[in-house]
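# Observations on the model geometry
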Amino acid sequence: MSKINQLQEIIDNSKSIVFFGGAGVSTESGIPDFRSENGIFQSLKKYGDTPENLVSHSYYLDHTEEFFQYYKENLIFKDAKPNPAHTALAELEKAGKLKAIITQNIDGLHQKVGSKNVLELHGSIHRNTCQICGKKYNLDYILESDGIPKCECGGIIKPDVVLYEEPLNNGILNFSADYISQADTLIVGGTSLVVYPAAGLINYFNGETLVLINKSKTPYDNLATLIINDAIGEIFAQIKI
Ligand code: ZN
């Protein structure tokens, strides 16, 4: 049986799927991974620093203007369109088979195609909060601001995106662990599962079927029922919901 057919059969037979996604889910929508080799190369060339430092809490505090310049150039892709993986996952949720999407991406593309229960481990570019009065702002406001985005009260508007050195939201982490522990099938896509918290969360899985869809190997390959080393959008384009 082909791997696509195996995946189709797993999805057909599952009642409670949880999807865990990483950067690879978004790259097929034209959002490059700023932490990739090329991303590191470009950030060193233009900013003299690594992506990890440029989107860190201390860089945000000490070099706020450069932070927003890098952030707008490298983390926001306003015109990115959802790909067949996003669409298929939204349809699976509508069909009652998929219980939650847990994502490390901040682009909001799952919600754009109608997914409802999306746990955003790293926050979202679409939510932004004044650090003084707490007023909320949308993405357009950030993009239209010159330099540092400022609230009408004068406060800096910070994206609700988890920066390096900042803790993840415990509530979201706990919900994610709960969903994973209750799933019969866990589909992990577009992540090599080496970075916290991905590596930790997958240990909560007690279900029957673990599917890994990633272009390269992961440390969990030996636990997987099905491994597909391919682009996740192209795979889901062939699945019938
Ligand atoms: Zn304010």
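Residues numbered from 1 in each chain as written. Predicted model: local features only at pLDDT ≥ 70, side-chain atom pairs only at ≥ 80, totals over all residues. Heavy atoms only, no water.

### Concerning the overall build of the chain
- Broken down by element type, the chain carries twelve helices and nine strands.
- For 241 residues, the compact-globule estimate of 2.2 N^0.38 gives 18 Å, and the chain sits close to it at 18 Å.
- Expressed along its principal axes, the backbone C-alpha trace of the chain runs to roughly 60 × 35 × 30 Å.
- Looking at the 241 residues of the chain, the share that counts as buried comes to 50%.
- Here the contacts in the chain between residues at least 6 apart in sequence split such that 62% fall between residues at least 24 apart.
- Treating the 21 positive side-chain charges of the chain as one cloud and the 29 negative ones as another, the clouds have centres 5 Å apart. (Helix = DSSP H or I, 4+ residues; strand = E, 2+ residues; numbered from the N terminus. Rg over C-alpha atoms; globule rule 2.2 N^0.38 Å. Buried < 20%, exposed > 50% of the residue type's maximum accessible area, 1.4 Å probe, protein only. Contact = heavy atoms within 4.5 Å. Lys, Arg positive; Asp, Glu negative; His and termini not counted. Charge placed at Lys NZ, Arg CZ, Asp CG, Glu CD.)

### Observations concerning the coordination of the zinc ion
- Here the zinc ion is held by the protein donor atoms Cys130 (SG), Cys133 (SG), Cys151 (SG) and Cys153 (SG), which lie 2.3 Å from it.
- Around the zinc ion, the four donor atoms sit at angles spanning 102 to 119 degrees, and that spread fits a shape best called tetrahedral.
- Positions of the donor residues of the zinc ion, expressed as sequence spacing, correspond to C-x2-C-x17-C-x1-C.
- By relative accessible area, which is 6% here, cysteine 151 ends up buried. (Donors = N, O, S within 2.8 Å, 3.2 Å for Na, K, Ca; no water. Tetrahedral: all angles 85-135°; square planar, octahedral: opposite > 155°, others 65-115°.)

### What to know about the sheet that holds strand E6 (residues 157-161)
- With respect to topology, three strands assemble into an open sheet ordered E5-E4-E6, the strand pairing being antiparallel. Only two strands of the sheet have a single neighbouring strand rather than two, namely strand E5 (136-137) and E6.
- Bridge count between strand E4 (residues 123-130) and E5: two bridges; the pairing is antiparallel. Note that in E5 the partner of threonine 129 across the bridge is lysine 136.
- Running at roughly 45 degrees to E6, helix H6 (residues 64-74) makes contact with E4 and E6 of the sheet. (Pairing = 2+ DSSP bridges. Axes fitted to C-alpha atoms, helices over the stretch in contact; angles between N-to-C directions.)

### A short note on a nonpolar patch on the surface
- A surface patch of nonpolar side chains, about 340 Å² in accessible area, is lined by Val194, Val195 and Tyr196.
- Summarising the element assignment, valine 195 is placed in the loop between strand E7 (185-189) and helix H11 (198-201). (Patch = residues over 30% accessible without salt bridge, like charges linked within 9 Å, V, L, I, M, F, W, Y side chains within 5 Å. Areas by Shrake-Rupley, 256 points an atom, 1.4 Å probe, with all protein chains shown as cover. Salt bridge = Lys/Arg side-chain N within 4 Å of Asp/Glu carboxyl O.)

### What to know about the domain arrangement of the chain
- When cut into domains, the chain gives domain 1 (3-30 + 80-122 + 167-236), domain 2 (37-74) and domain 3 (128-161).
- Look at where the C-alpha atoms of domain 1 and domain 3 centre, and you get two points 31 Å apart. (Domains from an automatic or database assignment.)

### Concerning the packing of aromatic side chains
- The full count for this structure, using the stated rule, is seven aromatic pairs.
- Ring centres of phenylalanine 67 and phenylalanine 68 lie 5.1 Å apart, and the angle between their planes is 85 degrees; on these two criteria the pair is classed as edge-to-face.
- Exposure remark for phenylalanine 67: the relative accessible area of 1% places this residue in the buried category.
- Every member of this aromatic cluster is reached through a ring pair, and the members are Tyr60, Phe67, Phe68 and Tyr71.
- Here lysine 158 stacks its cationic end above the ring of tyrosine 60, 5.3 Å away from the centre of that ring. (Phe/Tyr/Trp six-rings, centres within 6.5 Å; stacked < 30°, edge-to-face > 60°. Lys NZ or Arg CZ within 6 Å of the ring centre and 35° of its normal.)

### Brief notes about the pairing of strand E8 (residues 209-213)
- Counting buried positions along E8 gives five out of five residues, so the element sits mostly inside the fold.
- Residue alternation in E8 divides its side chains into two sets, Thr209, Val211 and Ile213 and Leu210 and Leu212, and both sets are buried.
- Of the pairings in the sheet, the one linking E7 to E8 comprises five bridges and is parallel in character. Bridge assignment links leucine 186 to a residue of E8, and that residue is leucine 210.
- In terms of strand pairing, E8 meets strand E9 (residues 226-228) through three bridges, oriented parallel. Bridge pairing in E9 links leucine 212 to isoleucine 227.

### Some remarks on the sheet that holds strand E3 (residues 118-120)
- Read from one edge of the open sheet, six strands run E3-E2-E1-E7-E8-E9, paired in parallel fashion. Two strands close off the open sheet at either side, each with one partner strand: E3 and E9. Along the sheet, successive strands turn relative to each other by an average axial angle of 15 degrees, direction set aside.
- Strand direction decides the pairing type here: strand E1 (residues 17-21) and E7, joined by five bridges, are parallel. Each residue of the ladder has a partner; that of valine 18, found in E7, is leucine 186.
- Lying on the sheet, helix H10 (residues 170-182) is in contact with E1, strand E2 (98-103), E3 and E7; it crosses E3 at an angle near 135 degrees.

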